[in-house]
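# Notes for the structure review
The primary structure of each chain is shown beneath.
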Amino acid sequence: YDPCPVYKIKYLRKISKLYEGASFGELALIESQPRSATIISVRNTHFAVLNKEQFNMLLRKVHEERINKKLDILDQIPLFRGYSRSYKTRITCKPRVYFR
């Protein structure tokens, strides 16, 4: 019995080493494409598996938390106290322009 028959795959190539808390496969979910790599664990591992809907819900939650942190900072600045939360959200989410 070979406990790890995957090492017999002829064209196996190590691309990255992931550590606890790392994620993978998000590009496949974002682009609605098949994943581009296979993950092989060298230790006993627990995975959280998300479908596209769950992934998008998680992204929205993270995005909202980031916006709320920025709004909390703006709320502490006297200049922004008179503005509505929706206005502060709009200026917080404006795309940034970078100059070279």
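Here goes a summary of the coordinates provided. These numbers come from a predicted model, not from an experiment.

Looking now at the overall build of the protein chain. Helices and strands together make up the secondary structure of the protein chain, namely 3 helices and 0 strands. Each helix and strand of the protein chain, ordered N terminal to C terminal, gives the series α-α-α. Burial analysis of the protein chain (100 residues in total) assigns 9% to the buried set. As displayed, the protein chain has an accessible area near 10,000 Å², and 56% of this comes from carbon and sulfur atoms.

Relative to the elements of secondary structure, Thr-92 occurs in helix H3 (residues 85–92). Residue class for Thr-92 comes out buried when judged on its relative accessible area of 11%. Apart from residues lying up to four places away in sequence, Thr-92 is in contact with Lys-70, Leu-71 and Leu-74.

So, about unusual backbone geometry. For Ser-32, which is not a glycine, the phi torsion comes out positive at approximately 50°. Tracing the backbone through its elements, the reader meets Ser-32 in the loop between helix H1 (26–31) and helix H2 (52–75).

Moving on, we get to the packing of aromatic side chains. Taken as a whole and assessed by the stated rule, the structure comprises 3 aromatic pairs. Between Tyr-83 and Tyr-87, the ring centres sit 4.9 Å apart and the planes meet at 25°, which makes this aromatic pair stacked. Judged by relative accessible area, Tyr-83 falls into the partly exposed class, the value being 41%. Aromatic ring contacts, followed pair by pair, group Phe-80, Tyr-83 and Tyr-87 into a single cluster.

Locating Arg-66 in the fold gives a position in helix H2. Sequence separation between Arg-66 and Thr-92 is 26 residues; the distance between their C-alpha atoms is 9.9 Å.

The next thing to look at is a nonpolar patch on the surface. On the surface, Leu-18, Phe-24, Ile-39, Phe-47 and Val-49 cluster together to form a nonpolar patch covering roughly 500 Å² of accessible area. Along the polypeptide, Phe-47 turns up in the loop between H1 and H2. According to the relative accessible area criterion, Phe-47 is partly exposed, its value standing at 48%.

Here H2 contains 24 residues, and its C-alpha end-to-end distance of 34 Å stays within 8% of the 34 Å for a straight helix at 1.5 Å per residue. Every buried residue of H2 is listed here: Phe-55, Ile-67, Leu-71 and Leu-74. If you check the start of H2, you find a side-chain oxygen 3.1 Å away from the backbone N of Glu-53, and it comes from Asn-51.

On the secondary structure map, Lys-88 appears in helix H3. Once residues within four sequence positions are removed from consideration, Lys-88 is found in contact with Leu-71, Leu-74, Asp-75, Phe-80 and Tyr-83.

Conventions we followed
Residues numbered from 1 in each chain as written. Predicted model: local features only at pLDDT ≥ 70, side-chain atom pairs only at ≥ 80, totals over all residues. Heavy atoms only, no water. Helix = DSSP H or I, 4+ residues; strand = E, 2+ residues; numbered from the N terminus. Buried < 20%, exposed > 50% of the residue type's maximum accessible area, 1.4 Å probe, protein only. Areas by Shrake-Rupley, 256 points an atom, 1.4 Å probe, with all protein chains shown as cover. Contact = heavy atoms within 4.5 Å. Phe/Tyr/Trp six-rings, centres within 6.5 Å; stacked < 30°, edge-to-face > 60°. Patch = residues over 30% accessible without salt bridge, like charges linked within 9 Å, V, L, I, M, F, W, Y side chains within 5 Å. Salt bridge = Lys/Arg side-chain N within 4 Å of Asp/Glu carboxyl O. Expected span 1.5 Å × (residues − 1). Polar contact = N/O pair within 3.5 Å; in protein donor to acceptor, adjacent residues only side chain to side chain.

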